Amino acid sequence: MDVIGALQVSFAQLIGPSAIFYALLAIGLNLHFGYAGLLNFGQIGFALLGGYGVGIMTITYQQPLWLGVLVGLAAAGLLAVVLGIPTLRLRADYLAIVTIAASEVLRLVFRSTASDSVTGSTNGLYGFADPFFRYSPFDSGRQYSLLGVRFYGDDLWAMVVGWTLVLVLCGFVYLLIHSPWGRVLKAVREDEDAARSLGKNVFVYKLQALVLGGMIGGLGGVFNALQTKSINPDFYSTAQTFFAFGALILGGAATVFGPVVGAMLFWFLLAIPDALLRQAISGPDPLLSLTEQQVGAMRFVLLGLMIALLMVFRPQGILGNKREVQLNV
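Each value, and the rule that gives it
- The numbers attached to residues start from 1 for each chain and follow its sequence in the written order.
- Reporting in this predicted model follows two pLDDT cut-offs: at least 70 for local features of residues, and 80 or more for side-chain atom pairs to be given and counted; totals over whole chains, interfaces and linings ignore these cut-offs and use all residues.
- Excluding hydrogens and water, the side-chain values take into account all heavy atoms of the structure.
- Counting from the N terminus, the helices are the DSSP runs of H or I reaching at least four residues and the strands are the DSSP runs of E reaching at least two.
- Note on contacts: a residue pair qualifies if any of its non-hydrogen atoms lie within 4.5 Å across the two residues.
- Angles run from 0 to 180 degrees between N-to-C directions of axes, and those axes are lines fitted to C-alpha atoms, restricted for helices to the stretch in contact.
- Crossing handedness is read from the near helix: turned anticlockwise from the far helix by less than a right angle, it gives a left-handed crossing, and turned clockwise, a right-handed one.
- Working rule for helices: expected span equals 1.5 Å times residues minus one.
- The angle between axes fitted to the seven-residue stretch ending at a residue and the seven-residue stretch beginning at it gives the bend at that residue.
- Whether a residue is buried, partly exposed or exposed follows from its accessible area with a 1.4 Å probe, protein chains only, as a fraction of its type maximum: under 20%, in between, or over 50%, in that order.
- Here, strands pair whenever DSSP counts at least two bridges between them.
- Think of a salt bridge as a Lys or Arg side-chain nitrogen and an Asp or Glu carboxyl oxygen that are within 4 Å of each other.
- Pairs of N or O atoms within 3.5 Å make up the polar contacts considered here, provided that, within protein, one atom can donate a hydrogen while the other can accept it, and that residues adjacent in sequence are counted only when both atoms are side-chain atoms.
- Geometry of aromatic contacts follows a simple scheme: Phe, Tyr and Trp rings, the Trp one being its six-membered ring, pair when their centres are within 6.5 Å, and the pair is stacked under 30 degrees between planes, edge-to-face over 60, tilted otherwise.
- Cation placement over rings: the criterion is NZ of Lys or CZ of Arg within 6 Å of the ring centroid and within 35° of the ring normal.
- Without a salt bridge and with relative accessible area above 30%, a residue can belong to a patch; like charges are then joined within 9 Å and nonpolar side chains (Val, Leu, Ile, Met, Phe, Trp, Tyr) within 5 Å.
- Shrake-Rupley sampling with a 1.4 Å probe provides the accessible areas, and residues are treated as covered by the protein chains on show and by no other component.

- Looking up the protein in an unreviewed UniProt entry gives the name Amino acid/amide ABC transporter membrane protein 2, HAAT family, with the organism given as Rhodococcus triatomae.

Re the side chain of N224
- Structurally, the position occupied by N224 is in helix α11 (residues 202-228).
- Apart from the residues lying within four places of it in its own chain, the contact partners of N224 are F21, F235 and Y236.

Re the packing of helix α3 (residues 43-60) against helix α4 (residues 65-87)
- Axis separation between α3 and α4 bottoms out at 7 Å; the angle between their running directions is 150 degrees. The two elements α3 and α4 meet at a crossing, and its hand is right-handed. Contacts between α3 and α4 involve G45, F46, L49, G50, G53, V54, M57 and T58 from the first element and L65, L67, G68, V69, V71, G72, A75, A76, L79 and A80 from the second.

Some points on helix α2 (residues 17-35)
- Spanning 19 residues, α2 covers 26 Å between terminal C-alpha atoms, matching the ideal 27 Å at 1.5 Å per step.
- Where α2 bends most, the angle comes to about 35 degrees, and this point is L29.
- With 18 of its 19 residues buried, α2 lies for the most part within the structure.

Here's the deal with unusual backbone geometry
- In this model, Q62 sits at a positive phi of 55 degrees, which is unusual for a non-glycine residue.
- By secondary structure assignment, the location of Q62 is in the loop between α3 and α4.
- At K229, a residue that is not glycine, the phi angle is positive and equals roughly 65 degrees.
- On the secondary structure map, K229 appears in the loop between α11 and β4 (230-231).
- By relative accessible area, which is 35% here, K229 ends up partly exposed.

Looking at the pairing of strand β3 (residues 149-152)
- The side-chain alternation of β3 yields one buried face, formed by V149 and F151, and one unburied face, formed by R150 and Y152.
- Strand direction decides the pairing type here: strand β2 (residues 143-146) and β3, joined by four bridges, are antiparallel. Paired with L146 across the strands is V149, a residue of β3.
- Connecting β2 to the next strand, β3, in antiparallel fashion are two residues, including L147 with a positive phi near 55 degrees.

Re the pattern of salt bridges
- With the rule as written, the count across this model stands at ten salt bridges.
- Residue E192 pairs with K206 through a salt bridge whose shortest N-O separation is 2.9 Å. Of this pair, E192 sits in helix α10 (residues 192-197) while K206 sits in helix α11, and the two are 14 residues apart along the sequence.
- Of the charged contacts, one joins E292 and R278 as a salt bridge, the two residues approaching to 2.1 Å between their closest N and O atoms.

Observations concerning the environment of R314
- Along the chain, the position of R314 falls in the segment after α14 (292-313).
- Put simply, R314 and Y174 are 140 residues apart on the chain and 23 Å apart in space, counted from C-alpha to C-alpha.
- Separated by 2.6 Å, the side chain of R314 and the backbone oxygen of G317 make a polar contact.

Considerations on helix α1 (residues 3-15)
- An ideal rise of 1.5 Å per residue puts 18 Å on 13 residues; α1 measures up with 19 Å between its terminal C-alpha atoms.
- Within the span of α1, buried status applies to G5, A6, S10, F11, A12, L14 and I15.
- Contact partners of the buried residues in α1: α2, β2, β3, α8 (153-177) and α13 (258-280).

Description of the packing of aromatic side chains
- In this structure the tally under the stated criterion is 17 aromatic pairs.
- Consider the rings of F21 and Y22, whose centres lie 4.9 Å apart with planes at 70 degrees: the pair is edge-to-face.
- Taken together, the ring pairs connect F21, Y22, Y52, F110, F235, Y236, F243, F266, W267 and F300 into an aromatic cluster.
- Between the NZ or CZ atom of K229 and the centre of the ring of F133, over which it lies, the distance is 4.7 Å.

Observations regarding a nonpolar patch on the surface
- A cluster of nonpolar residues, M298, V301, L302, L305 and M306, forms a patch on the protein surface that exposes about 390 Å² of accessible area.
- Within the secondary structure layout, L305 lies in helix α14.

A short note on the packing of α4 against α11
- With their axes 8 Å apart at the nearest point, α4 and α11 run at an angle of 145 degrees to one another. As for how α4 packs across α11, the hand of that crossing is right-handed. The residues of α11 that touch α4, namely those facing L65, V69, L73, A76, G77, A80, V81, G84 and I85, are F203, L207, L210, V211, G214, M215, G218, L219, V222 and L226.

What to know about the environment of L302
- With respect to the secondary-structure elements, L302 resides in helix α14.
- Given a relative accessible area of 30%, L302 falls into the partly exposed group.
- Linking L302 and G34, residues 268 residues apart in sequence, is a C-alpha distance of 26 Å.
- Setting aside residues up to four positions removed in sequence, L302 forms contacts with P273 and L277.

Shown next, in the form of structure tokens:
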């Protein structure tokens, strides 16, 4: 069994575009769940609007890429306002129900044949990322070696831009949470009644956090659309939100770098058993009698067991503070 090869494949996932996408989703969820105590189960819906904002504006309406990015982020922010106004005055579980329903409704609407002329329906949209890769200093058809792992030029450019975005957002979250606004937000998370007694408008703070986190999720959708050079509605399923939640829990909620570390480890730990199991079932004399489909399912089972054990022995995550995640929701 080629353990070195499996580690190289896993390292590619550790720093690759998928880790960046889920890190961006998890950073937004961290503002919602970690710092504001909001249960948003529809983060992928914000990412859908971000990605389709780019695709629709550039392909359907022939507008510049930068305008598509702005429209995607604005649409994600508007969705947060529309969902937050009727739900944030109620219990936390109402927001969870509304967000997961809204994300699924959006996916079905965007894949509907009735919206084919705008969204491309089940075929999605593609051919809009050329302006983004035009600025790449790397040759798109050439492979570059990075710490023993080879990436194509387009993927490497997307990684440079993506990790830069992640670092900038981590700095933004750090400054935000250590500001008076961030301290009030954490007070709202801990005890809404106490925050109200001090004259703070709890609803406004929660809505602001929902909008900011949703727009960060929308930015994740923009990045994914540009990196993959295409958008397909079936990708934006509810499971993607729970992958991002898994990354957040793994790294540690209510920490600046927890979502990033969690996203990297999530895909690293998902790739290792996948690579090893595929080696074990290959060749004329396989070690295991599993099918390709069973291997695909088994890796999620193993990762789920790892996260379950983490919740037992370190519920705050790798970088988290146990006191920070004892939320009153």
